[in-house]
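Chain by chain, the residues run as shown.
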There are 2 protein chains.
Amino acid sequence: MRAAIIPAGNWGTALAVPLSDNGHTVRLWRRTPDFAPEFNRTRENRTHLPGVVLPPGVTAAATVEEALAAADLVVLAPASAGLREICRAVAAHLPPTALVLSVTKGLEPETLRRMSQVITEEIPGVAKRLAVLSGPNFAIEVARGLPATSVVAAPDLAVARVWQDALSTLRFRVYTSTDPVGVEIGGALKNVIAIGVGISDGLGMGQNARAGLITRGIAEMTRLGLAMGANPRTFAGLSGLGDLVLTCTGDLSRNRQAGLAIGRGKTLAQFLAETGVVVEGVPAARAAWQLAQRHGVDMPITEQIYAVLYQGKDPRLATRDLMSRLRTHEYEESGGPPLMGS
Amino acid sequence: MRAAIIPAGNWGTALAVPLSDNGHTVRLWRRTPDFAPEFNRTRENRTHLPGVVLPPGVTAAATVEEALAAADLVVLAPASAGLREICRAVAAHLPPTALVLSVTKGLEPETLRRMSQVITEEIPGVAKRLAVLSGPNFAIEVARGLPATSVVAAPDLAVARVWQDALSTLRFRVYTSTDPVGVEIGGALKNVIAIGVGISDGLGMGQNARAGLITRGIAEMTRLGLAMGANPRTFAGLSGLGDLVLTCTGDLSRNRQAGLAIGRGKTLAQFLAETGVVVEGVPAARAAWQLAQRHGVDMPITEQIYAVLYQGKDPRLATRDLMSRLRTHEYEESGGPPLMGS
């Protein structure tokens, strides 16, 4: 089959490897005018995946239209902030039977829309052909062929299975799911907990505290997911727990670094000013907190992280407040019914 | 209330801190004749928790009988191999209304009994007064008052709540559960997956692989637990996932070290001969594999770890076999029904 990847950031480019390993032709596109000629000369995405030479079946297209021509499989891989714009560029040229895969993690600020919701708003009629991919996946490891696992989810299992077949290799093991809502929420909210784990580590709270935060963090993400129509079991899987573990314990992510700095006494504003980086978990913390209020879900860890990031709360006080909550049964929280997976 | 901790290893001694913080009198006992006089002079368990001076309400008793006299709360904290013998020593002197808490993690080799099953076999009539404690808890961090979370489980919630009240402090947050089976299985089997994660890291498989192993490891532990009568939700909690994350990503445990050595080309026999240490996950891998067969549960990760440890299988081949299994839906495995939490 013919696959298009739009745009070719680090994760999009990495996904060209399993697609190509399975015999699919892959066309990459990026807005940068130099990208196509340089990639087609070197087969390397020097900006986003330096050091990885892609297989011969992967080429770069000069325009979105060229990339999408006769495509059977279309991977949408922009940063979350660029998704609406990319969708508008894609909508005009998307073949009417092409399957679309969203691999972007995040929630749209203000609207709190999931990425697949943004796509269905911007590309009429795409809903039945749309799937999402999420899991514990550092792009560079997948590009280098190290073993990895992930989840592809669509309301229609048959659609998920097409992507499973297209992407699965001996090195990249893809599971199917019919719960795109749960898969997307896990991918969007993991960075919030990663900031919290960074704060805890920055305060010197230790490894017991870290393991507790990860576990109770998944529990509250599960509660929110359930209220939003997700299957709670999804959060115990690769796109929930798996991605959270990777983000909280893998190489220093920006989210973790921001948390560490705050735990050691800096304010968020100081950290952002000094580093100039974008920390995805910061807007995600606000979105998570807004969703918790909208759906009436108890999210004590998110609440404290939000208070530290946006209200200047002392992280030590936040920790104390978290530890001194009402004593509870592990499956339930005060004020709510017992929830599966929480 | 009066609490007794038998014997005072590192975890038992650490638990004296929250008990004492809550105003309970605590008596420690160890078999070593020098222990009581030395502890009562220094209030430090120099063998098992050096550097931690315990509160004044903690004393050491010279005999099991003295430790148990008029005790309301009895913590049993031996290594798993010593549990039957400790139970026999305790049975003769246990006050008839004392509540008993098992904090030992493991399964008895050959019989594959859980620790609470061993206790009920050896101490007649104790079943209704028995609870188990397990969670992501490095003893030294709890002893030093760093924040930690744990789970106390008993078939009777009222019994679990007594222990929750006795142990909970602003630094040690204890949740209740009515699923001792699930709590004990999680604590016993986490070391198996930790060996697998060590092997993966030793082979240089990367961080995606590690996160995938942890997640799919919990999934197969959940399947086994369900077959053994546990509540699958327990495995998503602190005694399952939480303890697994701590063991797989915290300081180098012996299990992880053994796995790393094997991943880098040593045999298990070489590692054990060179280090002379006891690696709990090695017998646990055999026990888990036997339980999987007994209950007809698909445990592909455990199966491969067992093959590497006991049948000399090449770890690279084990990895390949794990990655090349039938493509599946995330909630189910080939040949089995969809299982909650798997």
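Draft legend 1. Quick peek at the overall build of chain A. Secondary structure summary: chain A contains 15 helices and eight strands in total. In terms of C-alpha radius of gyration, chain A reaches 20 Å, essentially the compact-globule figure of 20 Å for 342 residues. For chain A, the C-alpha atoms occupy an extent of roughly 60 × 40 × 35 Å along the three principal directions. Evaluated residue by residue, chain A yields a buried proportion of 64% over its 342 residues. Taking the intrachain contacts of chain A between residues at least 6 apart in sequence as the baseline, contacts between residues at least 24 apart amount to 69%. The positive charge centre, built from 34 side chains, and the negative charge centre, built from 30, are 2 Å apart in chain A.

Draft legend 2. The pattern of salt bridges, seen in detail. For the structure shown, the criterion picks out 32 salt bridges over all chains. Put simply, Asp298 of chain B and Arg325 of chain B hold a salt bridge, and the shortest N to O gap is 3.6 Å. In this pair, Asp298 of chain B is assigned in the loop between helix 13 (281–295) and helix 14 (300–311) and Arg325 of chain B in the segment after helix 15 (315–323), connecting sequence segments 27 residues apart. Among the residues examined, Asp298 of chain B registers a relative accessible area of 28% and is labelled partly exposed. Three or more residues joined by partner-sharing salt bridges are found here, namely Arg84, Arg88, Glu108, Arg113, Glu121 and Glu122 of chain A.

Draft legend 3. Quick look at the relation of the copies chain A and chain B. With an axial shift of 0.0 Å and an RMSD of 0.0 Å, the rotation relating chain A to chain B amounts to 180 degrees. Given the turn and translation reported, the copies of this chain are related as if by a two-fold rotation axis. For chain A, the smallest separation between a C-alpha atom and the rotation axis is recorded for Ala236 of chain A, amounting to 3.2 Å. An overlap of 100% is found between the interface residues of chain A and their copies at the interface of chain B, pointing to a shared contact surface.

Draft legend 4. View of the sheet that holds strand 6 (residues 130–134) of chain A. Residues and elements named next belong to chain A. Read across the open sheet, the eight strands follow the order 3-2-1-4-5-6-7-8; overall the sheet is mixed. The sheet is open, and its two edges are formed by strand 3 (58–60) and strand 8 (172–177), each paired on a single side. Geometrically, the sheet is characterised by an average inter-axis angle of 25 degrees between neighbouring strands, direction not taken into account. In terms of strand pairing, strand 1 (residues 2–6) meets strand 4 (residues 73–76) through four bridges, oriented parallel. If you follow Ile6 over to strand 4, its bridge partner there is Leu76. Sitting on the sheet, helix 7 (residues 157–167) is in contact with strand 4, strand 5 (99–102), strand 6, strand 7 (148–153) and strand 8, with an inclination near 180 degrees to strand 8.

Draft legend 5. Fine view of the nonpolar core. In terms of nonpolar packing, the biggest core is built from 99 residues, with Leu189 and Leu309 of chain A together with Leu189 of chain B touching the most fellow members. Setting aside chain neighbours within four positions, we find Leu189 of chain B in contact with Leu107, Met221, Leu224, Ala284, Ala288 and Met299 of chain B.

Draft legend 6. How the structure looks around the sheet that holds strand 5 (residues 99–102) of chain B. Residue and element names in this part refer to chain B. Across the sheet, which stays open at both edges, the eight strands sit in the order 3-2-1-4-5-6-7-8 with mixed pairing between neighbours. The sheet is open, and its two borders are formed by strand 3 (58–60) and strand 8 (172–177), each paired with just one other strand. For this sheet, the mean angle separating the axes of adjacent strands, direction not counted, is 25 degrees. With four bridges joining them, strand 4 (residues 73–76) and strand 5 adopt parallel strand pairing. Along strand 5, the bridge assignment pairs Val75 with Leu101. The sheet strands contacting helix 1 (residues 10–21) are strand 1 (2–6), strand 2 (25–28), strand 3, strand 4, strand 6 (130–134) and strand 8, and the helix crosses strand 1 at an angle near 165 degrees.

Draft legend 7. The arrangement of the pairing of strand 7 of chain A in detail. Residues and elements named next belong to chain A. A large share of strand 7 lies buried, amounting to six of its six residues. Here strand 7 shows a buried face lined by Ala148, Ser150 and Val152 and a second buried face lined by Thr149, Val151 and Ala153. Bridge analysis of strand 6 against strand 7 gives three bridges, and the strand direction is antiparallel. By the bridge assignment, Leu133 is partnered in strand 7 with Val152. Pairing of strand 7 with strand 8, which is carried by six bridges, proceeds in the parallel orientation. Across the sheet, Ala153 pairs through a bridge with Ser177, a residue of strand 8. In this fold, the crossover linking strand 7 to strand 8 by way of helix 7 has right-handed handedness.

Draft legend 8. Layout of unusual backbone geometry. Omega for the bond connecting Ile6 of chain A with Pro7 of chain A falls within 30 degrees of zero, at -15 degrees, which places this linkage in the cis form. Within the secondary structure, Pro7 of chain A sits in the loop between strand 1 and helix 1 (10–21). Residues other than glycine seldom take positive phi values, yet Ala70 of chain B does so here, at roughly 60 degrees. As for its placement among the helices and strands, Ala70 of chain B is situated in the loop between helix 3 (64–68) and strand 4. Of note in the backbone geometry, Leu112 of chain B takes a positive phi value of approximately 60 degrees without being a glycine.

Draft legend 9. Just the side chain of Thr302 of chain B, in detail. Within the secondary structure layout, Thr302 of chain B lies in helix 14. With residues up to four places along the chain from it excluded, the contact list for Thr302 of chain B reads Val192, Glu220, Ala285, Ala288 and Trp289 of chain B.

Draft legend 10. Highlighting the side chain of Thr176 of chain B. Within the secondary structure, Thr176 of chain B sits in strand 8. With sequence-adjacent residues up to four places away left out, Thr176 of chain B is seen in contact with Thr328, His329 and Glu330 of chain A together with Val151, Val152, Leu157, Ala160, Arg161 and Gln164 of chain B.

Draft legend 11. View of the packing of helix 8 (residues 180–202) of chain B against helix 11 (residues 254–263) of chain B. Residues and elements named next belong to chain B. Where helix 8 contacts helix 11, the two axes come as close as 6 Å, and the packing angle between them is 35 degrees. The handedness of the crossing between helix 8 and helix 11 comes out as right-handed. Between helix 8 and helix 11, the contacting residues are Asn191, Ala194, Ile195, Val197, Gly198, Ile199, Asp201 and Gly202 on the first element and Asn255, Arg256, Gly259, Leu260, Ile262 and Gly263 on the second.

Draft legend 12. Structural view of the interface of chain A and chain B. Across the contact, 68 residues belong to chain A and 68 residues belong to chain B. Both faces considered, chain A and chain B share a buried interface measuring about 5,600 Å² in area, 54% of it formed by carbon and sulfur atoms. For the chain A face of the interface with chain B, the top three residues by lost area are Asn208, Arg233 and Met323 of chain A, together amounting to 15%. Remark: the boundary between chain A and chain B carries zero salt bridges. Viewed at the interface, chain B and chain A are joined by 16 residue pairs in polar contact (both at pLDDT 80 or more).

Draft legend 13. Here's a closer look at the packing of aromatic side chains. According to the stated counting rule, one finds eight aromatic pairs over all chains in the structure shown. Aromatic ring contacts, followed pair by pair, group Trp289, Tyr306 and Tyr310 of chain A into a single cluster.

Draft legend 14. Looking closely at the environment of Arg327 of chain A. Summarising the element assignment, Arg327 of chain A is placed in the segment after helix 15 (315–323). We classify Arg327 of chain A as partly exposed; its relative accessible area is 44%. Residue contacts for Arg327 of chain A: discarding those within four places in its chain leaves Gln164, Asp165 and Ser168 of chain B.

Rules used throughout
Sequence order as written defines the numbering, with residues in each chain counted from 1. Each chain gets a letter, beginning with A, and each ligand a number, beginning with 1, in the order they are written. Local features in this predicted model are restricted to residues of pLDDT 70 or higher, and side-chain atom pairs are both shown and tallied only at a pLDDT of 80 or more, whereas totals for entire chains, interfaces and linings draw on every residue. In computing side-chain values, all of the structure's heavy atoms are included and hydrogens and water are not. For the purposes of this entry, the term helix denotes a DSSP run of H or I that reaches at least four residues, the term strand denotes a run of E that reaches at least two, and both are numbered from the N terminus. Throughout, radius of gyration means the C-alpha value; the globule benchmark is 2.2 Å times the number of residues raised to the power 0.38. A 1.4 Å probe rolled over the protein chains alone gives each residue an accessible area, and that area as a share of the maximum for its type sets the label: buried under 20%, exposed over 50%, partly exposed in between. Only heavy atoms matter for contacts: two residues are in contact if any of them lie within 4.5 Å across the pair. Positive residues here are Lys and Arg, negative ones are Asp and Glu, while His and the chain termini are left out of the count. By convention, the charge on Lys lies at NZ, on Arg at CZ, on Asp at CG and on Glu at CD. For salt bridges, the criterion is a side-chain nitrogen of Lys or Arg within 4 Å of an Asp or Glu carboxyl oxygen. Copy-to-copy alignment: least squares on C-alpha atoms, limited to residues at pLDDT 70 or above in both. One requirement defines pairing of two strands: DSSP has to find at least two bridges between them. In this analysis, axes come from line fits to C-alpha atoms, helices being fitted only over the stretch in contact, and the angle between any two N-to-C directions falls in the range 0 to 180 degrees. What makes a nonpolar core is a set of buried Ala, Val, Leu, Ile, Met, Phe, Trp, Tyr and Cys residues whose side-chain atoms join them at distances within 4.5 Å. Looking down the strands as they point away from the viewer, one classifies a crossover as right-handed if the path from the first strand across the helix to the second runs clockwise. Note: crossing handedness is left-handed where the near helix turns anticlockwise from the far helix by less than a right angle, and right-handed where it turns clockwise. Simply put, the buried area is the total loss of 1.4 Å probe accessible area from both parts when two parts are fitted together. By the criterion applied in these results, polar contacts are pairs of N or O atoms within 3.5 Å in which, for protein atoms, one can donate a hydrogen and the other can accept it, and in which residues neighboring in sequence qualify only through two side-chain atoms. Only the six-membered ring of Trp is used, alongside the rings of Phe and Tyr, when aromatic pairs are assigned; centres must lie within 6.5 Å, and planes under 30 degrees apart are stacked while those over 60 apart are edge-to-face, with the rest tilted.

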